[in-house]
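Remarks on the overall topology
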Amino acid sequence: MPAPPFELIDGWLRGRLEDDAVTYLREKTNAARERGAEPGFYLSFSTVGRRVGRADLALTKAELDDALAARKGFQPTTWSVAQAARTLLLLSLRAGDETAHQSVVDQLCEDADLGELVAIYQALPLLPFP
């Protein structure tokens, strides 16, 4: 059984980031999971690129195959580390209430710069309510 997208992306980032960036991202994903989209979530989403960098994610063939196995059409070939981190943050949010979840994505889109918008649009097929 293929790993879910959250686990894949988390593993990809752990293998590419420095320990302090992994710790930062773990803290922010845990906060999103526990507290939802509190104001700190929006700040984390917009600033995560400064903490993890913007290098290409540069996935291997095996990692790309895992992505396709996890979700049909999932091809993160051009993703950056920052885009992957933003996707991980989005996937950390609780998915219980569709309206609330979509409200968070809408709010992110209203305030996002171009790089953040690209990450949101790339993440949409992976979200519980795309």
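That block above? That's the structure.
Every value quoted in this text rests on a predicted model; they were computed, and no experiment measured them.

**Side note on helix α2 (residues 19-35)**
The end-to-end C-alpha distance of α2, which contains 17 residues, comes to 24 Å, matching closely the 24 Å that a straight helix rising 1.5 Å per residue would cover. For α2, the complete set of buried residues consists of A21, V22, Y24, L25, T29, A31 and A32. Buried positions along α2 lie against α1 (5-14), α3 (39-52) and α5 (81-92). Immediately beyond the C-terminal end of α2, within one or two residues, lies G36, with a positive phi of roughly 75 degrees.

**Here we look at the packing of aromatic side chains**
Inspection of every chain in the model, using the stated rule, returns four aromatic pairs. Between F41 and Y42 the ring centres are 5.7 Å apart and the planes differ by 80 degrees, which places this aromatic pair in the edge-to-face class. Classification of Y42 as partly exposed rests on a relative accessible area of 24%. With a centroid separation of 6.3 Å and 35 degrees between ring planes, the pair formed by F41 and F45 is classed as tilted. Taken together, the residues span about one helical turn, with F41 and F45 both in helix α3 at a distance of four residues. Each member of the pair, F41 together with F45, is buried. Here the guanidinium or amino end of R51 rests over the ring plane of Y24, the centre of that ring lying 4.0 Å away. It is R86 that lies over the ring of F45; its NZ or CZ is 5.7 Å from the centre.

Parameters and conventions
- Residues numbered from 1 in each chain as written.
- Predicted model: local features only at pLDDT ≥ 70, side-chain atom pairs only at ≥ 80, totals over all residues.
- Heavy atoms only, no water.
- Helix = DSSP H or I, 4+ residues; strand = E, 2+ residues; numbered from the N terminus.
- Expected span 1.5 Å × (residues − 1).
- Buried < 20%, exposed > 50% of the residue type's maximum accessible area, 1.4 Å probe, protein only.
- Contact = heavy atoms within 4.5 Å.
- Phe/Tyr/Trp six-rings, centres within 6.5 Å; stacked < 30°, edge-to-face > 60°.
- Lys NZ or Arg CZ within 6 Å of the ring centre and 35° of its normal.

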